[in-house]
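The residues making up each chain are set out below.
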Amino acid sequence: SEMCIRDRSTWEAVVSTQSTWGVRMNRREEGVKVAVRCRPLFPRETEMERQVVVDVDNAAKTVILRNTLKPTEGPKSFTFDFAFGMEATQEQIYRDAAHDIVQGILDGRNGTIFAYGQTASGRSFTMEGRNEPELRGIIPRSFEHIFAEIEARPERQYAVRVSFFELYNDEFIDLLSKNKRQKLELREKPTGFFLKDLTSIVVRDAREMNDQLLLGMRNRNVAYTAMNANSGRSHCIFSILVEYKEQESDGSQSVRKGTLNMVNLAGGEKFSKTGAAGERVREAVNLNKSLKALVDVLSALADPKIKHIPFRSSKLTKFMQESLAGNTNVLMIANVSPVDWNHEETL
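From a predicted model like this one, the values you see are computed outputs, not experimental measurements. (Residues numbered from 1 in each chain as written. Predicted model: local features only at pLDDT ≥ 70, side-chain atom pairs only at ≥ 80, totals over all residues. Heavy atoms only, no water.)

Caption draft 1: Just the overall build of the chain, in detail. Helix and strand content of the chain: 12 helices and 16 strands. Element-wise, carbon and sulfur atoms account for 49% of the exposed surface of the chain, whose accessible area totals about 16400 Å². (Helix = DSSP H or I, 4+ residues; strand = E, 2+ residues; numbered from the N terminus. Areas by Shrake-Rupley, 256 points an atom, 1.4 Å probe, with all protein chains shown as cover.)

Caption draft 2: Structural detail: the packing of aromatic side chains. For the structure on display, the rule yields seven aromatic pairs. On the numbers, 5.2 Å between centres and 45° between planes, the contact of Tyr158 with Tyr244 is tilted. Remark: Tyr244 occurs in strand 14 (residues 235-247) and Tyr158 occurs in strand 7 (residues 157-168); sequence separation between them is 86 residues. Summarising the burial analysis for this pair, Tyr158 and Tyr244 share the class buried. Their ring planes at 80° and their centres at 5.2 Å tell us that Phe165 and Phe319 sit as a pair that is edge-to-face. Of the two residues, Phe165 sits in strand 7 while Phe319 sits in helix 10 (residues 315-319), which places them 154 residues apart along the sequence. On the accessibility criterion, Phe165 (0% relative accessible area) is buried. Through a chain of ring-to-ring contacts, the aromatic side chains of Phe143, Phe164 and Phe238 assemble into a single cluster. Arg39 extends its terminal NZ or CZ atom over the ring of Phe42, reaching a point 3.7 Å from the ring centre. The lysine or arginine in question, Arg156, covers the ring of Tyr244, its NZ or CZ lying 4.2 Å from the ring centre. (Phe/Tyr/Trp six-rings, centres within 6.5 Å; stacked < 30°, edge-to-face > 60°. Buried < 20%, exposed > 50% of the residue type's maximum accessible area, 1.4 Å probe, protein only. Lys NZ or Arg CZ within 6 Å of the ring centre and 35° of its normal.)

Such coordinate-based values are descriptive only and should not be taken to indicate function.
See the structure below:
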């Protein structure tokens, strides 16, 4: 059998009713925005003469998808808060879509940025990028942004801490623990859920923060699949806590904090494409279950008629409860393939 996140009506309800979602979440000033990024062609796709079926109009924020297998079927058009085509740079995506969310945590607001898409759609490139200045992704770019702002605000006393963990086979694993691959217990508190004994590292500059990112990435669960030689087998979350003290006009000191969660969601997979077998199948089943639970939560948040939000349906949605329904700015980046072979997953 094959498992894949293919509930189109549910997912389309999420991405096409953003204004409704904003109304649904009017208990807060913050909101949810959706971006789509179409990756460039891979060399092997060019060699195989695969057809490009995705067109992106950056200015109109529109994505047009054609089905070459059904030429009589007209193209489908979708409009989002942001739309980035194959030519979009890492800098452009950070500046247009991610900058304001990162800026907010420096003033005590929370933020969540997560990337979604099928295997080999460019999620990890969008979030992490490569170790070259112009190819850095959202996560490393946020490091320089945060510490540049801290240096520009000497009147505030800042403290910055980071954590890095993954959800692998429905178990949370600490990627920064000295006890390698330490499993974490998900516990409940009045405002949501937290991970007991999660490692939290104090960092003093962007370099130290990047060192923790690289350490955690080395400890991640990755594996070869037919679609990606280093396919992520887990959902990964890099979390930054920024706290600061500020002198008030009456002479007292106030303490504020903001948390930024940056989430790389492992891709929904069709086994026939990834060549999954054995342990890879078990991993994919767990990944797809948690993704489906997340889609259900997002769909419920988008529908003002739904009163119950199923946050408790998975460990992923339990942990992300505060990040999605709390005092948080949220950016979802859907990463898609431009070629005909992946038309179904892109839709």
